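Working through the structure, step by step
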Amino acid sequence: CDTLEKAESFIRSLPTPISLANYVAGELELPPSPETKFIDSYEPKTGNLLFRIPCTQEADVEKAIGHARTAFRTWSKTTRAERSRHLRRISELLQEHRELFAVWESIDQGKTIARARVEVDRAISNFSYFSTYILHEQTAARMVDGVALTYEHRSPAGVFALISPWNMPLYLLTWKIAPCIAFGCTAVAKPSEITSMTAYLLGILLRKAGLPPGVVNIVLGDGPTTGAALVASPSVDGVSFTGGTQTGMAIRLSTARQIRKRLSLELGGKNPTLIFADAMGPATRGRTLRVAASAAFENQGEICLCGSRIYVDRAVYEQFVAEFAPYVAEKYVLGETMGAVASLQHYQKIRGYLKLAADERATFVLGSVPAAMERHDEGGYWIQPTILTDVSKDSALQKDEIFGPVVTITPFEDEEDAISLANDSQYGLAAVLLTNDAARLRRVGERLEAGMVWANCWLVRELGTPFGGMKDSGTGREGGEYSRDVFTEVRTLHLAA
Ligand code: NAD
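Residues numbered from 1 in each chain as written. Predicted model: local features only at pLDDT ≥ 70, side-chain atom pairs only at ≥ 80, totals over all residues. Heavy atoms only, no water.

Now for the site of the ligand. Not every one of the 29 residues close to the ligand is listed here, only the nearest: Ser164, Glu193, Thr247, Leu267 and Glu401. Interatomic distance of 2.8 Å between a side-chain N/O atom of Lys190 and an oxygen atom of the ligand. A distance of 2.6 Å separates an oxygen atom of the ligand from a polar side-chain atom of Thr247. Coverage of the ligand by the protein chains reaches 87% of its 840 Å² of free accessible surface. Secondary structure elements with two or more residues in the shell around the ligand: α8 (223-232) and β11 (238-242). The element contributing the most residues to the shell around the ligand is α8, with 4 residues. (Near = heavy atom within 4 Å. Polar contact = N/O pair within 3.5 Å; in protein donor to acceptor, adjacent residues only side chain to side chain. Areas by Shrake-Rupley, 256 points an atom, 1.4 Å probe, with all protein chains shown as cover. Helix = DSSP H or I, 4+ residues; strand = E, 2+ residues; numbered from the N terminus.)

So this is what it looks like as structure tokens:
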């Protein structure tokens, strides 16, 4: 299926629900345990039942971990050139099947096909980036007082549990798989039960790419059964997790007695966008509206980095609100440039917050409380882009991660007030700063409690830069050498002749 039309018509001709299987030891298989239950997964844009997903039980999770352990013995000893070739082959195959992956991602997650393509391209880059990174890695050596030569020796850290959420399924799972296997580790990966399809396809692709059996195993299932068993297993050496802060806490608790287990936790956010008066001047107004809108509404607001709290200099507050609403209404059109939210449960969660907004007498500058929906067959999970003003700073609307197409706009008085409002959050993942004042960019940027600050842009990424959050947004960073720190064990040698 090399074109969108062919892929879509092939996919639509399949009888549903489609049964998905695990990818373990190089084979696609249903979990062998007879007590395996199945999870129904629905298409967000229609509410139709689409997939039947096995909920892998602990015993079968352990078997997959056993295969990863066996594969680790040989994979950890392969040369960097050999691993690099495997990663390159995977990225080439993904490139060949880009359209197929993008169509399935769009169907399964609810996102637009344009957005899905961007994410598949990023998944391809994840493999191609780490395929070359490992070839150029350097280790520093130093002489200590002419007595000893000191250097760092790194070795693969073992078998990893790689767990990802539903918002950018393939992209986030490959952001973990690629560095994990590049640095010589092996994996048992688990995608979200809400969006398992591209992970299932990836298993087929890894087999086709000739990756040795057991290096990557993909088990499907929910969090409380499959995810919890994977994380808690004493046979797993490390966990790289992306998902909600509550789940991050559960993982911390369940592994508290396993000090040796490495944890990399990429968690939730409630990110601020700060708009200073000069950014609304004639030269940069267009950019300000574009950046603030995409930060708020890209992927239906279902990106951990989305700027869902906009703070605007009081001097241009009225102007910004008046211009932002029509801009968003024109740019983000349901079913065209904006998709459906990922699940019925998520629709209900977002609707709950919008009901709260109505109860708290917030102003709906754009959007309204969506209709109540109790059943999947009532249609897809569509929520208009929603802009709220007159929301108290202590409201749950300003505090909680809604993770949908909902943004609040609040005025600030001066720079200090802007920084204090931005930092008034349990989270510290990302922030966006809009101003033409270079001195202010640094002055404010360096005081924001956020792992990633974008100034006059958003979501620009270079895969070597540290990715991760402060405060309750996570522990550790990933990307380039930061991923190397997650997946390798380091020992320092002091050699005297
Ligand atoms: P979630 O925490 O509910 O689930 C994430 C994954 O963890 C899923 O695969 C789920 O099955 C699994 N899981 C759930 N309970 C588990 C447990 N007890 N043990 C092990 N695994 C378990 O998150 P979600 O609703 O799928 O995703 C949305 C969240 O992800 C948001 O909070 C968002 O901000 C966050 N996110 C963070 C980043 C980042 O890089 N910081 C990126 C994307 C999404």
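Moving on, we get to the sheet that holds strand β23 (residues 488-495). Within the open sheet, the 3 strands sit side by side as β6-β7-β23. Their pairing is antiparallel. Only two strands of the sheet have a single neighbouring strand rather than two, namely β6 (141-144) and β23. Sheet twist, expressed as the average angle between the axes of neighbouring strands with direction ignored, equals 25°. Here β6 pairs with strand β7 (residues 148-156) via 4 bridges, running antiparallel. Bridge pairing in β7 places Arg142 opposite Thr150. (Pairing = 2+ DSSP bridges. Axes fitted to C-alpha atoms, helices over the stretch in contact; angles between N-to-C directions.)

Here we take up the side chain of Gln57. Tracing the backbone shows Gln57 in the loop between β5 (49-55) and α2 (58-75). By relative accessible area, which is 18% here, Gln57 ends up buried. Not counting the four nearest positions on each side in its chain, Gln57 is found in contact with Glu35, Thr36, Lys37 and Thr225. (Buried < 20%, exposed > 50% of the residue type's maximum accessible area, 1.4 Å probe, protein only. Contact = heavy atoms within 4.5 Å.)

Right, let's talk about the sheet that holds strand β1 (residues 18-19) for a bit. Strand order across the open sheet formed by 3 strands is β1-β5-β4, with mixed pairing between neighbours. Both outer strands of the open sheet, β1 and β4 (37-42), are each paired with one neighbouring strand and no more. The strands touched by helix α4 (residues 98-109) within the sheet are β1, β4 and β5, with β5 carrying the most contacts at an inclination of about 90°.

Before going further, it helps to examine the packing of helix α5 (residues 113-136) against helix α16 (residues 480-487). Each pair of packed helices can be summarised by the angle the axes make with each other and by the distance between the axes. Contact pair α5 / α16: the axes reach a minimum separation of 11 Å and the direction vectors enclose 80°. What the angle tells us is that α5 and α16 run roughly perpendicular. Here α5 contributes Tyr129, Phe130 and Tyr133 to the contact with α16, which in turn contributes Gly480, Glu481, Ser483 and Arg484. In the contact of α5 with α16, the residues fall into 3 nonpolar, 2 polar and 2 charged. (Parallel < 35°, antiparallel > 145°, perpendicular 65-115°, else oblique. Nonpolar A, V, L, I, M, F, W, Y, C, P; charged D, E, K, R; others polar.)

Another point: the state of the cysteines. Think of a disulfide as a covalent bridge from one cysteine sulfur atom to another cysteine sulfur atom. Scanning the entire structure with this criterion turns up 0 disulfides. The structure places no disulfide on Cys306, whose sulfur is separated from the nearest cysteine sulfur, that of Cys304, by 8.1 Å. Considering cysteine sulfurs only, Cys306 is the nearest to Cys457, which forms no disulfide, with 15 Å between them. Classification of Cys457 by relative accessible area gives partly exposed; the value is 25%. (Disulfide = S-S within 2.5 Å.)

With that settled, consider the nonpolar core. Counting 108 residues, the largest nonpolar core has Leu305, Phe320, Phe324 and Trp458 as its most contacted members. By residue number, the principal contributor to this core is helix α6 (residues 169-182), which donates 10 residues. Setting aside chain neighbours within four positions, we find Leu305 in contact with Asn271, Leu429, Ala430, Met452, Trp454, Trp458, Leu459 and Phe467. Ala64, Phe72, Ile163 and Val239 belong to the second-largest nonpolar core, a separate cluster that totals 20 residues. (Core = buried A, V, L, I, M, F, W, Y, C linked by side-chain atoms within 4.5 Å.)

A few words on the packing of aromatic side chains. Inspection of the entire model under this criterion finds 12 aromatic pairs. Among the aromatic residues, those joined into a ring-pair cluster are Tyr129, Phe130, Tyr133, Trp175 and Phe183. Here Arg52 stacks its cationic end above the ring of Phe38, 4.0 Å away from the centre of that ring. Geometry around Trp175 places Arg461 over its ring, the cationic atom sitting 5.0 Å from the centre. (Phe/Tyr/Trp six-rings, centres within 6.5 Å; stacked < 30°, edge-to-face > 60°. Lys NZ or Arg CZ within 6 Å of the ring centre and 35° of its normal.)

Overall, the prediction assigns the protein a mean pLDDT of 97, with 100% of residues at 70 or greater. This complex was scored by the predictor with a pTM of 0.97 and an ipTM of 0.98. (pLDDT = per-residue confidence, 0-100.)

For the rest of this paragraph, the subject is a nonpolar patch on the surface. On the surface, a nonpolar cluster with roughly 260 Å² of combined accessible area is contributed by Met143, Leu149 and Leu495. Along the chain, Leu149 turns up in strand β7. Residue classification places Leu149 among the partly exposed positions, given a relative accessible area of 33%. (Patch = residues over 30% accessible without salt bridge, like charges linked within 9 Å, V, L, I, M, F, W, Y side chains within 5 Å. Salt bridge = Lys/Arg side-chain N within 4 Å of Asp/Glu carboxyl O.)

We now examine the pattern of salt bridges. Tallied over the full model, the rule gives 29 salt bridges. Ionic pairing is found between Arg207 and Glu27, a salt bridge with its closest N-O pair at 3.0 Å. Pair noted here: Arg207 is in helix α7 (residues 197-208) and Glu27 is in strand β3 (residues 27-29), with a separation of 180 residues, a long-range link. Classification of Arg207 by relative accessible area gives partly exposed; the value is 46%. On the basis of relative accessible area, Glu27 is assigned to the partly exposed category, the value being 44%.

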